[in-house]
Amino acid sequence: MMNFKPPETRMTSSPAEKALSLISKGWEEVRSSADADLQLIKNRANSFKNLADKELENFINSASKSPFIVPTITASATTAPQPQEIDFVKKLRPKLSEIRRAYSSPDFKWAPKGKLRIDLSSIKNAIVAEEEEEEDESFGKWRRVRFKEEVQFGDVNWEPIKAFRTRLRELEEELKSTSSSSVDIFEGIKNSEFVEKVKSSLKSICKEPEETTGVPPLDVPELLAYLVRQSSPFLDQIGIRRDISDKIVESLCKKRRNKLLLRALPEGESSLIEGDNMNDELDLRIASVLQSTGHHYEGGFWSDSTRQNLSDGKRHVAIVTTASLPWMTGTAVNPLFRAAYLAKSENQNVTLLVPWLCKSDQELVYPNNLTFSSPEEQELYIRSWLEERVGFKTDFKISFYPGKFSKERRSVLPAGDTSQFIPSRDADIAILEEPEHLNWYHHGKRWTDKFNHVVGIVHTNYLEYIKREKNGALQAFLVKHVNNWVTRAHCDKVLRLSAATQDLPKSVVCNVHGVNPKFLKIGEKVAAKRQGGQQVFSKGAYFLGKMVWAKGYRELIDLLAKHKSDLDGFNMDVFGNGEDAHEVQSTARRLNLNVNFMKGRDHADDSLHSYKVFINPSISDVLCTATAEALAMGKFVVCADHPSNEFFRAFPNCLTYKTSEDFVAKVKEALTNEPQPLSPEEQYKLSWEAATQRFMEYSDLDKVLTSETRRERRSRKGMGKSVSMPNLGGMVDGGLAFAHYYLTGNEFLRLCTGAIPGSRDYDKQHCKDLHLLPSQVENPIYGW
């Protein structure tokens, strides 16, 4: 313990003694100065004596040899008196001779130097009336002095002493205030929170915690259960499914489950046990044992403990996507609507981060030769397109990050570290649209290190697309494990739009997409016309989508070719543009199919309102946006019985088929019947308001927005499962992120895995367009 003890010499001496000591010191200085002056006078006197001796001797000699002659008064005198010696000189001569002999003698000495001694006791007695000792607990013994009211010397009131007494009294008051403040400071330090923390720390070191009593230690089955549970990611990688791991954990803990848990928890906390969730029970059991030992875990090996505090009262949500308008693809449209409806609630600030393509890439991607010379121009286009459809003023920020278009992958890949384009002050919650796509070649800060909560939304079934390519099985095997790797390393939660996607770690299945409000309004108009007795649907079947084989065109041509005779007289219109347009059309003409190919257009175009049946045989989609839009407009939809269409099965106008023969039956059923109008509940289920609500629930964002940040949770006291002990899963995730960072930093490995050359950092054109510093300045390389 630190001992704060005041200096004794400062408080034990009385104010009067201090004043007298000061006066004595002044007299000593005066005496020293006087001695110096006397020595100087002595030296001057010696020099004057020598000079006087010489002058006196000259005077006497001159007086003896040349006596004064007094002239006669009368000019007529003929004679003068005889010279005579002056009487004064005769009398002075013996004395001068005697003085000269005395001073000239070698035995002559000046009087010894006197010492100045001043007795100040009389002054003290004159001004001090009474002196007594007092004892204080903090400072020991000290003297209290009381001064006389009047000080007189004889019959005269001595003014200097009165002034001196007044000054001493002021000095005493200052010392009193200083001593009282010192006592207060000492008491404050003694009772401060710092001292209490030091005491408690020493007690915890020297004394066994009281909580250890009554908490049994972990036994071998519990330790094995926790090891198996934490190793489930690794076991899943080698083929042991999670449900098998859960059964092993349950069998290990089943015998002593309730008994050990109830005995480990403190009294009055048994209500924490709810349900039969074995993972929660095991976590609480281990947390209680660790808490009884005083252990508190602060983070994993790879975790970043320096998180940014929020700059204002609102939380910040950053939505990062891989495409942007005017490219009419799902990852361009759906994140845009998500940002608008999240910002509409005004409970949080929202930033949408979209890729910026240089003009050469814009010409390859954007339709109708539409290009932009600046990000501001493209932002204006995006906002006007969105506000025309949602019907309200959007209030969120749009930012751009450098991107490059890959012709081989037919997608946009980030260039450089995408996370750096979200300022640290806004790095709170991140929503990664297509997290695997964004992080395949991500060479930058780990998302979960920079953000408090990271949610990934899986849009695309990449494995299905890759299987269609050359050596697709091998490529799909590698991509599957890479996707597991990057999503585990960079996401806290993953949402899969349907079960058609890859089963990723930390993932749940939920459709968090809605339809453009414009399609719901079209459906309402169609229902109103039908109620008025008007004929709405004058055309038959159609299909709309990007014209690439993987978007369902292969399945569509195969079905129509196989059942050409069964669908005699059936005619179908197809709308779309794409890389495989020429090949698709050539194949259809060669097979002599009744299909009319037209240029792609917006699904809300007036020319498409009169079609009654939307046919979508695709099994590569995760959740087809066009299918949802057709249902919102009140049309029939004929689609495959596939996990990607699971969300639509609840709608009566959705007709699913399992076989090719069933496909023919569903098409005929749709062409001969009229679709049912959507109920208000079905309309809401398709809306973005409902999709946003589902997103908030399944991503845990509703809880995160109302809770403290991850850094604040770490500083919170009490038992918590998340900080109870090192989490093997968290350390594995950190290790994967660490390895991924260094592998993506190697240009050779990047090129071998299909990355765009030079995409690890953005290029000069991006610097010019986005007003960025060169990558060498942003990410300097030190050393050789």
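Quick note: structure is the one above.
Just so it is clear, the structure is predicted and the values come from calculations on it, not from any experiment.

Definitions and limits used
- Residues numbered from 1 in each chain as written.
- Predicted model: local features only at pLDDT ≥ 70, side-chain atom pairs only at ≥ 80, totals over all residues.
- Heavy atoms only, no water.
- Pairing = 2+ DSSP bridges.
- Helix = DSSP H or I, 4+ residues; strand = E, 2+ residues; numbered from the N terminus.
- Axes fitted to C-alpha atoms, helices over the stretch in contact; angles between N-to-C directions.
- Contact = heavy atoms within 4.5 Å.
- Salt bridge = Lys/Arg side-chain N within 4 Å of Asp/Glu carboxyl O.
- Buried < 20%, exposed > 50% of the residue type's maximum accessible area, 1.4 Å probe, protein only.
- Parallel < 35°, antiparallel > 145°, perpendicular 65-115°, else oblique.
- Nonpolar A, V, L, I, M, F, W, Y, C, P; charged D, E, K, R; others polar.
- Polar contact = N/O pair within 3.5 Å; in protein donor to acceptor, adjacent residues only side chain to side chain.
- Core = buried A, V, L, I, M, F, W, Y, C linked by side-chain atoms within 4.5 Å.
- Domains from an automatic or database assignment.

Before going further, it helps to spend a moment on the sheet that holds strand 14 (residues 572–575). Taken in spatial order, the 6 strands line up as 15-14-13-16-17-18 in an open sheet, and their pairing is parallel. Strands with a single pairing partner mark the edges of an open sheet, and in this sheet they are strand 15 (595–598) and strand 18 (654–657). Ignoring strand direction, the axes of neighbouring strands in this sheet form an average angle of 25°. Pairing geometry for strand 13 (residues 539–544) and strand 14, over 4 bridges, is parallel. By the bridge assignment, Leu544 is partnered in strand 14 with Phe575. On top of the sheet, helix 20 (residues 553–562) reaches strand 13, strand 14, strand 15, strand 16 (611–616) and strand 18; it is set at about 165° to strand 14, its chief contact.

Taken as a whole, this structure holds 17 salt bridges when the rule is applied. With its nearest N and O atoms 2.8 Å apart, the salt bridge here joins Arg338 to Glu433. In this pair, Arg338 is assigned in helix 12 (residues 330–344) and Glu433 in strand 9 (residues 429–433), connecting sequence segments 95 residues apart. Taking the relative accessible area as the measure of exposure, Arg338 reaches 1% and is therefore buried. Of the charged contacts in the structure, one is a salt bridge between Arg649 and Glu646, with a shortest N-O distance of 2.8 Å. The class for Glu646 is partly exposed, based on a relative accessible area of 46%. When salt bridges with common partners are traced through the structure, they connect Asp641, Glu646, Arg649 and Lys658 into a single cluster.

Taken N-terminus to C-terminus, the directions of helix 12 and helix 25 (residues 688–698) make an angle of 80°; their axes are 10 Å apart at the nearest point. Comparing their axes, helix 25 and helix 12 come out roughly perpendicular. Where helix 12 abuts helix 25, its residues Asn334, Phe337, Arg338, Tyr341, Leu342 and Lys344 lie against Trp688, Glu689, Thr692, Phe695 and Met696. Looking at the contact of helix 12 with helix 25 residue by residue, the class counts come to 6 nonpolar, 2 polar and 3 charged.

In this structure, Pro326 follows Leu325 across a cis peptide bond, with omega equal to 10°. One can find Pro326 in the loop between strand 5 (315–320) and helix 12. Even without glycine at this site, Asn592 takes up a positive phi of about 55°. One can find Asn592 in the loop between helix 21 (581–590) and strand 15.

Looking now at the side chain of Thr744. You can see Thr744 is positioned in helix 28 (residues 728–744). Classification of Thr744 as buried rests on a relative accessible area of 6%. A polar contact of 3.3 Å, which involves the side chain of Thr744, links it to the backbone oxygen of His442. A polar contact is formed between the side chain of Thr744 and the backbone oxygen of His740, at a distance of 2.8 Å.

Turning our attention to the nonpolar core. The biggest cluster of nonpolar side chains holds 108 residues, and the ones touching the most others in it are Phe396, Ile615, Val638, Phe663, Leu686 and Phe695. By residue number, the principal contributor to this core is helix 12, which donates 9 residues. Shared between two domains, this core takes at least three residues from each, and those domains are domain 2 (315–513 + 702–707 + 728–770) and domain 3 (517–686). Once residues lying within four places of it in the same chain are set aside, the contact partners of Val638 are Val613, Phe614, Ile615, Asn616, Leu655, Tyr657, Phe663, Lys666, Val667 and Ala670. Tyr401, Val454, Val458 and Cys767 belong to the second largest nonpolar core, which has 20 residues in total.

Strand order across the open sheet formed by 8 strands is 8-7-6-5-9-10-11-12, with mixed pairing between neighbours. Edge positions in the sheet fall to strand 8 (411–414) and strand 12 (507–509), since each of these pairs with one other strand and no more. With strand direction ignored, the average angle separating the axes of adjacent strands in the sheet is 30°. Of the strand pairs in this sheet, strand 7 (residues 397–406) and strand 8 are connected by 4 bridges, and their pairing is antiparallel. Bridge assignment links Ser406 to a residue of strand 8, and that residue is Ser411. In the packing of helix 12 onto the sheet, contacts are made with strand 5, strand 6 (348–356), strand 9 and strand 10 (453–458), and the angle to strand 6 comes to roughly 165°. Contacts from helix 25 reach strand 9, strand 10, strand 11 (493–496) and strand 12, with the element oriented near 145° to strand 11.

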